[in-house]
Amino acid sequence: MFQRHFVTEVRKVEEMERRLRLITGEAEKELEPETDDSPFGDFSLGTSNRIDMGQLDHQLEEMERELTQHNVNLDVLRRNYNELVELRHVLTNDNYFFEQEAGATDEEESFLWDAESRGGLGPKLGFVTGIVSKSKTMNFERVLWRAMRGNLFMRHTPTDEALPDLATGELEEKEVFIIFYQGQRSKDKAEKICESFGATTYPCPELPKERRDLLGQVETRIADLNVVLQRSLDQRRRLLETAAPHMKAWKTKITQEMGIYHMMNLCNYDTGRKCLIAEGWCPKRDIDGVLSALRAADRRSDATVSSVVNLLKTREEPPTFFRTNKFTASFQGIVDAYGIARYREVNPGVYTIITFPFMFGIMFGDIGHGLLMFLFALTLILKEEQLLRGKLHEMLEMCFSGRYLLLLMAICSIFCGFIYNECFAVPLNLFGSRWVFYGDSTTAEWDGSSIAYPFGVDPVWKGARNELTFYNSLKMKMSVIFGVTQMMFGIILSFLNGLYFNKPYNIYFEFIPQVCFMMSTFGYMCFLIFLKWCTNFIEQGRVAPYLLNVMIDMFLKPTNLPEENKLFPGQLEIQWVLILIAFVSVPLMLFPKPFLLRRDHNKGYKALPDHHSDDDAGDHEEEFEFGEVLIHQVIHTIEFVLGAISNTASYLRLWALSLAHSELSTVFWDRVLVLTFEMGAHYSFVLPFIGFGLWAGATFGVLLVMESLSAFLHALRLHWVEFQNKFYAGDGYQFTPFSYAALLNPTEGST
């Protein structure tokens, strides 16, 4: 199983890839790329298919050899050139020192170095000159002074240009130095210290005439080296320009060959019959396409024996594959981040296309903010082709990959903004308010209209004294209704899973009791919410009851129904029935399924596996452990019962984030923008501009960035934890077909 018969070919292709990577790197440094996403040149699969791998290997080998030789020669030439430039600086500065500062003639300088001309006045003076990094000069001078105990004379001066380091080639500031000493021991110390500090010493004649002659020779050699360097660079550039148009096609061909040999190594190779035997998965609708491709390959290769395809029966769990496009890929990615769907399991990605943006819109509902997000997403979509060709920043790339998700989120935010009647925290009186103020009254009265505000909240509620109470009640009840609806939808999807996988026990003893439990508790609470909205308590002459108290008393005081909690006739009797249904549902979820599974096992019935098995576990049955099954069912029942309460409470985050978004918008509008405009009328006309800038910055940074990210994460949690755990196992594995597109563009999602 672990034998790989094409190791030699893989290593050969890897060597070609290394050579191409070397050549491409040199070309990117030397040449200007033609496009932003290049390494150079155009390519197509057809172009790459016409490339012969043997010729390409030979061509890359020759090109690598030539390029390596060019690089070695250029390194030698550059080092010689840099040394000559440093020597020119040394000679120039030494001349300046001797002629300008010492002011000595040729005869006077000879007096310094020649002991005979000095008449035996002492030993001959010597000197060491060279060049050192400017950052090391101070320490260099200090060490020399201490090592030679002050028996030296040193001068240093900076060069008039930055010089490349001889080892690394990086430009750095340097200084020319000259050290005078007496005696051989002082000379040895000075040379060792120069070597330890990385200083480069150069020979310098003692007499001015000799220095001038040497400087002229150095200038001539520098000019000659400049010519040789330029010719070498031109020759190297021509070599890279010849290869540049083909690099992308070469890279494509090498990547394809590497992928092919990798897949061939996964196959069984029959050395006797010289054939490959491959086992794999293929979507059923693509079988005809695979057969057509194999027939076409047989014709093109003039194969004497055609390829054979057999459909095999296996006990292994197939991989999961969903066909997506650029619109649905981001929604499917949200689901896949939680877990890959089991084979043939209900895919929540389809429903996430609607539910995820809508949950986001409930928390981010504002016409103005949603419109800004809509324009941003629309810009990403309209400039899609242009942005795909360039390299994007990490944050912008994340937004671009979810551009259609952002578009739907923005549309749902605008829709919920119309429901809340908020545009940058300002209400819109589009249809005329149904409440009026008479005289100096601070309390609005109904104008007698037969219908309420046609769409959304009446604008008069914004700014009213009881605004917060009204919006809290509305948004809290909306959150509970949408939460219970989505959880019930998840339970219904579990019924579809049980029906498809032929799991009757999951239907009878999980789906039905779960529906009964949810509808008898939180479904009843949603019914009371709608009933309260539809009842005119003013006409009845009493105060509307608090539904929270009704639900609490329903379980804590089941035999007593206070008059203030009564909403409809027969309410007490119906609540008794609902409590009974809720309590009976729990043991139905807990006990029957494990005992029935044990009975089936004892009778020899084979149950379908609940999840895919390992690769080597497909030929034997899993052992039935009644204790394990019972414990699993107990955990599942407790999780559902407690989760029904906690999950419903978790949906209140829709209310909390919507309220926080609205209040922040109001604060930024009233306390920043409006306040500065009012102050500008009395103090300075500049204040409104400052206030608008602060308001725009706060709106973008806090509301459009931080609040949108917070709402996105909370919507993600509601789908993963509260919705998907009702039906979604997410324990499958992804179908990853062999694809040239995936090999050439590994960062792009498959469609």
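Structure first, text after, so check above.
Now for a quick tour of the structure.

What counts, and where the lines are drawn
Residues numbered from 1 in each chain as written. Predicted model: local features only at pLDDT ≥ 70, side-chain atom pairs only at ≥ 80, totals over all residues. Heavy atoms only, no water. Helix = DSSP H or I, 4+ residues; strand = E, 2+ residues; numbered from the N terminus. Contact = heavy atoms within 4.5 Å. Areas by Shrake-Rupley, 256 points an atom, 1.4 Å probe, with all protein chains shown as cover. Expected span 1.5 Å × (residues − 1). Buried < 20%, exposed > 50% of the residue type's maximum accessible area, 1.4 Å probe, protein only. Pairing = 2+ DSSP bridges. Axes fitted to C-alpha atoms, helices over the stretch in contact; angles between N-to-C directions. Parallel < 35°, antiparallel > 145°, perpendicular 65-115°, else oblique. Nonpolar A, V, L, I, M, F, W, Y, C, P; charged D, E, K, R; others polar. Salt bridge = Lys/Arg side-chain N within 4 Å of Asp/Glu carboxyl O. Disulfide = S-S within 2.5 Å. Left-handed = near helix turned anticlockwise from the far one by under 90°.

### Topic: the overall build of the protein
- Within the protein one finds 25 helices and 10 strands.
- The contacts of the protein with a sequence gap of at least 6 include a subset with a gap of at least 24, amounting to 77%.
- Total accessible area on the protein is roughly 44,300 Å²; 59% of this is exposed by carbon and sulfur atoms.

### Topic: helix α7 (residues 208-243)
- In this model, α7 (36 residues) spans 52 Å end to end at C-alpha, consistent with the 52 Å of a helix rising 1.5 Å per residue.
- Turning to α7, its buried residues number three or more, namely Pro208, Arg211, Leu215, Val218, Ile222, Leu225, Leu229, Ser232, Arg236, Leu239, Leu240 and Ala243.

### A closer look at the sheet that holds strand β5 (residues 174-182)
- Within the open sheet, the 4 strands sit side by side as β2-β5-β1-β6. Their pairing is antiparallel. Edge positions in the sheet fall to β2 (153-158) and β6 (200-202), since each has one partner strand and no second. The average angle at which neighbouring strand axes cross in this sheet is 25°, direction not considered.
- Packing of helix α5 (residues 137-147) onto the sheet brings it into contact with β1 (125-133), β2 and β5, and relative to β2 it is tilted by some 175°.
- Strands β1, β5 and β6 of the sheet are contacted by helix α6 (residues 184-196), whose axis makes an angle of about 160° with β5.

### As for unusual backbone geometry
- One non-glycine residue, Arg344, lies in the positive phi region at around 70°.
- Mapped onto the elements of the fold, Arg344 is located in the loop between α10 (329-338) and α11 (349-363).
- The backbone of Asn421 sits at a positive phi, close to 60°, despite the residue not being glycine.
- Tracing the sequence through the fold places Asn421 in the loop between α15 (403-420) and β9 (435-436).

### A word on the packing of helix α20 (residues 571-590) against helix α22 (residues 626-650)
- In contact at an axis separation of 9 Å, α20 and α22 are set at 150° when each is read in the N-to-C sense. With respect to their mutual orientation, α20 and α22 come out roughly antiparallel. Each of Val586, Met589 and Leu590 in α20 lies in contact with α22, whose residues at this interface are Gln633, Val634, Thr637, Phe640 and Val641.
- Looking at side-chain class alone, the contact of α20 with α22 contains 6 nonpolar, 2 polar and no charged residues.

### Regarding the pattern of salt bridges
- A full pass over the atoms with the stated rule returns 25 salt bridges.
- A salt bridge links Glu62 to Arg65, with the nearest nitrogen and oxygen atoms 2.6 Å apart. A residue pair is termed a helical-turn pair when its members lie 3 or 4 positions apart in one helix, as Glu62 and Arg65 do in helix α3 (residues 53-102) at 3 residues.
- According to the relative accessible area criterion, Glu62 is partly exposed, its value standing at 28%.

### Overview of the state of the cysteines
- As enumerated under the stated definition, the model contains 0 disulfides in all.
- Unpaired in this structure, Cys416 has its nearest cysteine sulfur neighbour in Cys412, at a distance of 6.6 Å.

### Considerations on the environment of Tyr261
- By the element assignment, Tyr261 lies in helix α8 (residues 247-265).
- Taking the relative accessible area as the measure of exposure, Tyr261 reaches 18% and is therefore buried.
- Spatially, the C-alpha atom of Tyr261 lies 6.4 Å from that of Val10, the residues being 251 residues apart in sequence.
- Discounting chain neighbours no more than four positions away, the residues touching Tyr261 are Phe6, Glu9, Val10 and Val13.

### Remarks on the packing of helix α19 (residues 547-556) against α20
- One way to put it is that α19 packs onto α20 with a least axis distance of 10 Å and a crossing angle of 65°. Two packed elements cross with a definite hand, and for α19 against α20 that hand is right-handed. For the pair α19 and α20, contact is made by Val550, Met554 and Phe555 and by Gln571, Gln575, Leu578 and Ile579, respectively.
- For the contact of α19 with α20, the class distribution of residues is 5 nonpolar, 2 polar and no charged.

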